[in-house]
Every structure is written in structure tokens, then in C-alpha cells.
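Listed below, chain by chain, are the residues.
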Amino acid sequence: MASPYDLTGENIAGISINPPASRVPSVYSEVQVSRIDHALPLPSVFKSPFKIVDGPPSSAAGNSEEIAKLFPNLYGQPSALLVSDQSNDAVLSDQKLKVGVVLSGGQAPGGHNVICGIFDYLQEHAKGSTLFGFRGGPAGIMKGKYVELTSDFVYPYRNQGGFDMICSGRDKIETPEQFKQAEDTVTKMDLDGLVVIGGDDSNTNACLLAEYFRGKNMKTRVIGCPKTIDGDLKSKEVPTSFGFDTACKIYSEMIGNVMIDARSTGKYYHFVRLMGRAASHITLECALQTHPNITIIGEEVSEKKLTLKNVTDYIVDVICKRAENGYNYGVILVPEGLIDFIPEVQELISELNEILAQGNVDEEGQWKKNLKEETLKLFEFLPQTIQEQLMLERDPHGNVQVAKIETEKMLIQMVETELEKKKKDGSYKREFMGKSHFFGYEGRCGLPTNFDATYCYALGYGAGSLLQSGKTGLISSVGNLAAPVEKWTVGGTPLTSLMDVERRHGKFKPVIKKAMVELEGAPFKKFASQREEWALKNRYISPGPIQFKGPGSDAINHTLLLELGAQA
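Every value quoted in this text rests on a predicted model; they were computed, and no experiment measured them. (Residues numbered from 1 in each chain as written. Predicted model: local features only at pLDDT ≥ 70, side-chain atom pairs only at ≥ 80, totals over all residues. Heavy atoms only, no water.)

With that settled, the discussion passes to the overall build of the protein chain. Helix and strand counts for the protein chain stand at 20 helices and 15 strands. For the protein chain, whose C-alpha radius of gyration is 25 Å, the value lies close to the compact-globule estimate of 24 Å for 568 residues. Projecting the C-alpha coordinates of the protein chain onto the three principal axes gives extents of approximately 80 × 55 × 55 Å. The 568 residues of the protein chain split such that 54% are buried. Nonlocal contacts in the protein chain, meaning residues at least 24 apart in sequence, comprise 78% of its contacts between residues at least 6 apart. Accessible surface for the protein chain amounts to roughly 24,200 Å². Of this, 50% is attributable to carbon and sulfur atoms. Taken as two groups, the 62 positive and 71 negative side-chain charges of the protein chain have centres that lie 2 Å from each other. (Helix = DSSP H or I, 4+ residues; strand = E, 2+ residues; numbered from the N terminus. Rg over C-alpha atoms; globule rule 2.2 N^0.38 Å. Buried < 20%, exposed > 50% of the residue type's maximum accessible area, 1.4 Å probe, protein only. Contact = heavy atoms within 4.5 Å. Areas by Shrake-Rupley, 256 points an atom, 1.4 Å probe, with all protein chains shown as cover. Lys, Arg positive; Asp, Glu negative; His and termini not counted. Charge placed at Lys NZ, Arg CZ, Asp CG, Glu CD.)

Here's what the structure looks like:
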């Protein structure tokens, strides 16, 4: 039986650790060991014979005409739903399948359980099948680097955080040469199916692969799974992305800790920046879990066309009112991508991108003459450190690397400046002390919550069933998540139905449309109805660490519960 370790104890990722026989007791904590054998319930549809029922033809999230042109072989295909059926129609093929799986993009708690779900489904429903793991993300597909996943291989990773079973990567399969490499790999391996576990970009890539393979009349089918802690890959059919529940609970524990610190010392304002470049779901969910004094939601800033000065003034106003009530401390949450939501900052970034692309930046600062008067004024208004961070090298997509923009420190400095003015006119008489935090990677690889562990396992089981039934170009979808696990629904949603197009380099490019915080949605409305009270009074909640047994162990995040309640 193949093993992920060689005789020296080095695993496939090149990390020196103990062989499987001694790894669990010597490397894992008692909690990790206890989680390995934690039994996971499955939706009841998997406990008896089932068949797949097709729904009506699908469309697209936007620009259906262009999506139809880009995906002539996939566009319009129906969704799929697994239903219990004791008839002969329920008997699936007994073909022994060869399936590949790849982790793509950033880590999210529960990824290992998706792989375990696929593995267990094949063992139970397609006996004699083989599962291969592509190493290091999509690059593993292009380079043909993979390992056979066996029972011994996957066992230590059950219910564990991280992506270290086969590791991930951010490479994309996008050029003709890369598609040919992928074709050669899956053909050589004789794969019946490929499961892509990733976010919106990765699942867009999965759909492009499915279209390419079908266009070539290849037998390899492609199924996606919704992964991202940011929570911006979801739709009515895909209620949430895995990892969001765990990450938000990890961050909320830390926020609860600094809340108690603020109340204990009585003199600090903690400015906490949270993950979420494109959407503010994490910030909103953590606010609902902990009740901070101030929470900035990027989508609201954008909708109201607030300036950086508007945001600063709002924070200063709350600080002054709290001082009048005898509170010289507080907690403030901001999303990682806040600056991308501020219209005037977007304009500044756009102009800076043009200047940087032309390479006209000189040390004497003459390049600033190329900025418009208003944007130059804003640039000069920003703290020096933020100016420097805005000039850093762009990411591969040409975007500002917002993770390197210390927005929380920028706000602290701007608040300090405004409060100094108020000190001079006598309207503020306290000392302001701001503390900055960025809670980011800490949330990506934690032990998955009971919800994420179970949800991911069901997603993997669902992906296996979709492949076995001959489906391609779908994303594994598990619904009815507010109900007991037995009543969860399982199926697949056409990836093309989640897509829109963007115009890049003169061509239409398909993208899965990001789900933003909806200001008319139930989660934001719940937050908005209470934020004024949270601002002036101390309604702090400290959730504590993630629980696996007892009170709170099976709690689902507020966002999902409120959204599902609004749909009911």
C-alpha cells in the first residue's frame, strides 16, 4: 500500500516529520488525536439507494450571451439533486473510477475533509476506485505531480486543519500550452474525474477545464467545491463556502480577548483589521458574534460614497461620545479591503496603477505631477507609511496588495490627528492610545468546527456522487444547512450559472461573480439595528475558543442562519 512518507520520515510536501505509526501520538496534540476518529454524520440521502434528478436549464449570474459563447458545451445545463429512490433507476454504475483531486488557492479549514469525503464515497459506492492527489495545486496537474491517496495516507488528516495533505498553490491553467499539459496529464492517468477544491478563481478554472475536456470529447469530468474563508463564494444554491464558519469563530475568540483587555485596562482602542479583500463578510460576522463599538463595512462605505475623512470623523465622533460616558477604550473592526471600497481611494489607486505601469516613478517625486489635483491632495493627506505601501509592487492581476496596506494603522494615525485638533479647542480632553492588529492567516488552518468538518465531508461525498453519475462542470452543493445533518440536501450547481464576464485586455473573461455583503440582507440589517447601542455602551461578547463538545459546539454562524431564515 502506498504511503505518503518515505523511510526517512519525509512527506510529500518535503517536510520532515515522523512516519504515520508514530506521528499521531508524538506530533499531534490530544485534541488533534481525538478529532481524527470523530465520526461525521451524513445526509440521509446517502444512507439508501439514490438517483440524481435534473432541474431546469440554467442561465448565468450576468451577461448570459457572452457566457454562452465562452462555454458552448456547458452553458445551460441543469442543476442536479440527489434523491432517495429504491427503484432500479437508483443503481449507479459499478465502474471502478480513477479520480484526481486538487487544492487550489489559500487554505481554509475543512479542506482535508472534502478529500476524505471523496475518498470514502469511492470506497463505499464505487469499490475498487482510485483517488489521486495532485501536489502543490494546479501546477501539480500541469507537471503531472501526484500521489495515490490510500486509507493510511488520508487517516492522519481527518478533521484536521490546513492543506498539508497534498498542499495547495495559486497557479492557473489558462494558456493553450497549460491546457494541453493538463490534457496530457489526465489522459496519461486515465482519469474519469477531477475535483477542484477552491474559491471563485479556482472554480472558474475548473469550469474552463470542464469545457475544454468536453470540447475534446475526453472522458475526464470536472467538479468544483466551494472554498474560501472570505465567504464571498455563495449563491442561493451554494449557501456558504467552507472555512468561513471556522475562521470567523477563531477571529471572534481573539476579538473577544482584546475586548476584555480594553475593558480591563480602560485606556486602549484596539483597531482590528480582518481578512476579506473583496467583501466584508468576515468583519460583519465577527461583529455579530462579539458586538464591537465600531464596525466599518466596506460595501456600506462604497454605497454611501464615503470619503476617508468621513470614515475618520465617524470613528472620532464615537470616541468623543464614549469619553463623555466615561469610556476611554473600545474595539474597532475594519475589513482588509476597506481602501478598495472608498471611491476617492479607488481613483487614486487607478491613477497610481497607470503611473507604475509606465515606470515613471522618480525618487525626486516629480511623478506626482501626473496625479490629478484632488487625488494628489488625498495622497499627501495619507500617512507616509501608507503612501509607501500604495506604491508597492502590484499582484499578478495588477491589483494593489491590500494585505500589505496597514489600514488599521492608517486609521489610528488619522484619528490621532483629528483628536489633537479637538484637544486644542477643548472638546476632547482624554489621552488616545490606539493598538493595531491584523487577524489574517491565523484563521486559515485551524481545526475545523463541527459544522465545517461535517459540511466539507458532505461536499466531498457529493462531489464523488456527481462524478460517478457522469456530471461535469458543476460545483458540489449542500443545502438546508439550518436543519439537522440528516435533512441536508445534496446536489450540484452549474458553474456557468455563477458566472459573469469582465473585459480584460480587449477580451471578455469569465469570472464567478463575488457575493458581496447585501445592505438589504438580513445579516447587515441585524447589525445596523444594534450598532448604535454597541457604539456607546459596552455590549461585548467573548465567545471563547471553538468547542467540539458541549455548549456552542454545534452552533452555526450568524450570517448563514440569518440568510437561511430570510430565504425560508
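Taken as a whole and assessed by the stated rule, the structure comprises three cavities of 30 Å³ or more. Each pocket or cavity is described by its volume, and for the largest cavity that value is around 50 Å³. Contributing to the lining of the largest cavity are Val102, Ser104, Pro138, Ile141, Ile173, Val196, Ser202, Asn205, Ala206 and Leu209. The element that contributes the greatest number of residues to the lining of the largest cavity is helix H8 (residues 200–215), accounting for four residues. (1 Å grid on protein atoms, 1.4 Å probe; cavity = no way out; pocket = protein on both sides within 12 Å on 5 of 7 lines; lining within 4 Å. Points joined across faces, edges and corners; volume = space filled by probe spheres on them.)

This paragraph deals with the side chain of threonine 375. Mapping threonine 375 onto the fold places it in helix H15 (residues 373–381). On the basis of relative accessible area, threonine 375 is assigned to the buried category, the value being 5%. A polar contact is formed between the side chain of threonine 375 and the side chain of glutamate 351, at a distance of 3.0 Å. When residues no more than four places from it in sequence are discounted, the contact partners of threonine 375 are Glu347, Leu348 and Glu351. (Polar contact = N/O pair within 3.5 Å; in protein donor to acceptor, adjacent residues only side chain to side chain.)

It is the contact of helix H12 (residues 308–324) with helix H19 (residues 522–536), at a shortest axis distance of 8 Å, that shows an interaxial angle of 50°. Compared by their axis directions, H12 and H19 come out oblique. Residues Val318, Lys321 and Arg322 of H12 form the contact with H19, whose own contacting residues are Trp534, Ala535 and Leu536. (Axes fitted to C-alpha atoms, helices over the stretch in contact; angles between N-to-C directions. Parallel < 35°, antiparallel > 145°, perpendicular 65-115°, else oblique.)

On inspection of all chains with the given rule, the structure shows 19 aromatic pairs. Judged by centre distance (6.1 Å) and plane angle (65°), the rings of phenylalanine 451 and tryptophan 488 are edge-to-face. Of the two residues, phenylalanine 451 is situated in helix H18 (residues 450–468) and tryptophan 488 in the loop between strand S12 (474–479) and strand S13 (489–494); the sequence distance between them amounts to 37 residues. The exposure classification of phenylalanine 451 matches that of tryptophan 488, with both residues buried. Among the aromatic side chains, those forming a connected cluster through ring pairs are Phe46, Phe50, Tyr121, Tyr457 and Tyr461. Residue placement shows arginine 273 over the ring face of phenylalanine 438; its charged tip is 3.9 Å from the ring centre. Over the ring of tyrosine 329 we find arginine 322; its NZ or CZ atom is 5.4 Å from the centre of that ring. (Phe/Tyr/Trp six-rings, centres within 6.5 Å; stacked < 30°, edge-to-face > 60°. Lys NZ or Arg CZ within 6 Å of the ring centre and 35° of its normal.)

Moving on to unusual backbone geometry. Look at histidine 291: it is not a glycine, yet its phi comes out positive at around 65°. By the secondary structure assignment, histidine 291 is in the loop between helix H10 (281–290) and strand S9 (294–295). A positive phi is found at lysine 305, a non-glycine position, where the angle reads about 55°. With respect to the helices and strands, the residue lysine 305 is situated in the loop between helix H11 (298–303) and H12. Judged by relative accessible area, which is 62%, lysine 305 ranks as exposed.

It is worth spelling out the domain arrangement of the protein chain at this point. Looking at the protein chain, the domain boundaries give domain 1 (55–83 + 96–243 + 445–504) and domain 2 (247–339 + 400–442 + 518–564). Placing the centre of domain 1 and that of domain 2 at their C-alpha centroids yields a distance of 34 Å. At the interface, 17 residues of domain 1 touch 23 residues of domain 2. Carbon and sulfur atoms make up 61% of the surface buried where domain 1 meets domain 2, a total of about 1,500 Å² over both sides. On the domain 1 side of the interface with domain 2, the three residues burying the most area are Ile229, Asp230 and Asn450, jointly 33% of the side's total. Between the two partners, domain 1 and domain 2, sit one salt bridge. Linking lysine 234 and glutamate 563 is a salt bridge whose minimum nitrogen-to-oxygen distance equals 2.9 Å. If you look at where domain 1 meets domain 2, you find five residue pairs in polar contact (both at pLDDT 80 or more). (Domains from an automatic or database assignment. Buried area = accessible area lost by both parts, 1.4 Å probe. Salt bridge = Lys/Arg side-chain N within 4 Å of Asp/Glu carboxyl O.)

Turning our eyes to something else, we now look at the packing of helix H14 (residues 343–358) against H15. How two helices sit against one another is set out by the angle between their axes and by the gap between those axes. The N-to-C vectors of H14 and H15 enclose an angle of 100°; their axes lie 10 Å apart at closest approach. When the axis of H14 is compared with that of H15, the two are roughly perpendicular. In contact with Glu344, Val345, Glu347, Leu348, Glu351 and Leu352 of H14, H15 contributes Thr375, Leu378 and Phe379. Counted by class, the contact of H14 with H15 contains five nonpolar, one polar and three charged residues. (Nonpolar A, V, L, I, M, F, W, Y, C, P; charged D, E, K, R; others polar.)

Take the UniProt feature "active site" (unreviewed entry) in the protein chain next. According to UniProt, the feature "active site" (unreviewed entry) maps to Asp230 in the numbering used here. Among the secondary structure elements, aspartate 230 is positioned in the loop between strand S7 (221–226) and helix H9 (244–265). (UniProt positions renumbered as here; feature names shortened; annotations may be inferred.)

A word on the confidence of the model for the protein chain. In the predicted model, the protein chain carries a mean pLDDT of 92, and 93% of its residues have values of at least 70. This stretch, residues 1–23, has a pLDDT under 50; its non-local contacts, to residues over four places away or in other chains, come to 43 contacts. (pLDDT = per-residue confidence, 0-100.)

Before going further, it helps to spend a moment on the nonpolar core. Residues Leu149 and Tyr251 are the most contacted members of the largest nonpolar core, which totals 83 residues. In terms of residue count, the dominant contributor to this core is H18 (eleven residues). Domain assignment of the residues forming this core places at least three in each of domain 1 (55–83 + 96–243 + 445–504) and domain 2 (247–339 + 400–442 + 518–564). Setting aside chain neighbours within four positions, we find leucine 149 in contact with Val101, Ile115, Phe119, Leu131, Phe132, Gly133, Val154, Met165 and Ile166. Ranked by size, the runner-up nonpolar core spans 41 residues in total, among them Val318, Val400, Ile405 and Leu411. (Core = buried A, V, L, I, M, F, W, Y, C linked by side-chain atoms within 4.5 Å.)

On to the sheet that holds strand S10 (residues 330–335), then. In a beta sheet, neighbouring strands are held together by backbone hydrogen bonds and run either parallel or antiparallel to one another. Reading across the sheet, the four strands line up as S9-S10-S8-S11 and stay open at both edges, with parallel pairing between neighbours. Among the strands making up the open sheet, the edge pair consists of S9 and strand S11 (434–439). The pairing of strand S8 (residues 269–274) with S11 spans six bridges and is classified as parallel. Bridge assignment links valine 272 to a residue of S11, and that residue is histidine 437. Contacts from helix H17 (residues 407–424) reach S8, S10 and S11, with the element oriented near 165° to S11. (Pairing = 2+ DSSP bridges.)

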